[in-house]
Amino acid sequence: MDITNLDFQQARIKQVLFKSRLRSVLYGVREADDALFSMQQNPLGEWLNTIVKPKYGAYPEVREIERVLQRMLNSGQALVRQYQRGQLEESRTGLEQIDSYADQIAALLQKMEQSSTT
């Protein structure tokens, strides 16, 4: 089964979901849980492991998405620790780094989408 445009769109939504959940933690709306920062339990990480890697694991974009996603999860976890130490503004300012990682992932997804449909 090939990865469809819909699959890539869903991957983008999964990334937005992570950012939304992280933002809600940093603004005190919800509690952080370890699953939020786990590659295996993160929706985008799950998608990579179950849908993408079995068929497209050799694509360099897949490995790079995985690396950037891990950096994004680690950074998000560090921001939550800052928030928990009372460094509210610093943690919220750090969301810019999360956006930067998200932009990198979006570009890689787009590149992968283009190469998998040609």
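Residues numbered from 1 in each chain as written. Predicted model: local features only at pLDDT ≥ 70, side-chain atom pairs only at ≥ 80, totals over all residues. Heavy atoms only, no water.

## Let's talk about the pattern of salt bridges
Summed over the entire model, instances satisfying the criterion amount to six salt bridges. When the shortest N-O distance is used, the salt bridge between R92 and E89 registers 3.8 Å. Here the residue R92 and the residue E89 both occupy positions in helix α4 (residues 88-93), the gap between them amounting to three residues, near one helical turn. A relative accessible area of 54% means that E89 is categorised as exposed. (Salt bridge = Lys/Arg side-chain N within 4 Å of Asp/Glu carboxyl O. Helix = DSSP H or I, 4+ residues; strand = E, 2+ residues; numbered from the N terminus. Buried < 20%, exposed > 50% of the residue type's maximum accessible area, 1.4 Å probe, protein only.)

## Considering the environment of L69
By the element assignment, L69 lies in helix α3 (residues 60-84). Judged by relative accessible area, L69 falls into the buried class, the value being 0%. In sequence terms L69 and Y101 are 32 residues apart; their C-alpha atoms lie 7.3 Å from each other. Not counting residues within four places of it along the chain, the set of residues in contact with L69 comprises M39, N42, L44, G45, L48 and I105. (Contact = heavy atoms within 4.5 Å.)

## Structural notes on the nonpolar core
Within the largest apolar cluster, 31 residues are counted, with the highest numbers of intra-cluster contacts made by F18, L22, W47, V52, L69, M72 and I105. The contact partners of W47, leaving out residues within four places of it in the chain, are I3, D7, F8, A11, K14, V52 and L109. (Core = buried A, V, L, I, M, F, W, Y, C linked by side-chain atoms within 4.5 Å.)

## What about the packing of helix α1 (residues 5-26) against α3?
Interaxial distance between α1 and α3 falls to 10 Å at its minimum, and their mutual angle equals 10°. As summarised for this structure, α1 and α3 are arranged roughly parallel, according to the angle between their axes. Of the two possible hands of crossing, α1 and α3 adopt the one that is left-handed. The segment α1 lies against α3, with Q15, F18, L22, V25 and L26 engaging M72, L73, G76, L79, V80 and Y83. Tallied by class, the residues present in the contact of α1 with α3 amount to nine nonpolar, two polar and no charged. (Axes fitted to C-alpha atoms, helices over the stretch in contact; angles between N-to-C directions. Parallel < 35°, antiparallel > 145°, perpendicular 65-115°, else oblique. Left-handed = near helix turned anticlockwise from the far one by under 90°. Nonpolar A, V, L, I, M, F, W, Y, C, P; charged D, E, K, R; others polar.)

## Re the confidence of the model for the chain
Note: predicted coordinates in regions of low pLDDT should not be interpreted at a detailed level. On average, the chain scores 91 in pLDDT, and the residues at 70 or more come to 97%. By mean pLDDT, the top-scoring element of the chain is α3 (96), and the lowest-scoring one is helix α2 (residues 43-56) (90). (pLDDT = per-residue confidence, 0-100.)

## Concerning the environment of R92
Residues R92 and V25, 67 residues apart in the sequence, show an inter-C-alpha distance of 10.0 Å. Those residues within four positions of R92 in sequence are excluded, and the remaining contacts are L26, Y27 and Y83. A polar contact is formed between the side chain of R92 and the backbone oxygen of L26, at a distance of 2.8 Å. (Polar contact = N/O pair within 3.5 Å; in protein donor to acceptor, adjacent residues only side chain to side chain.)

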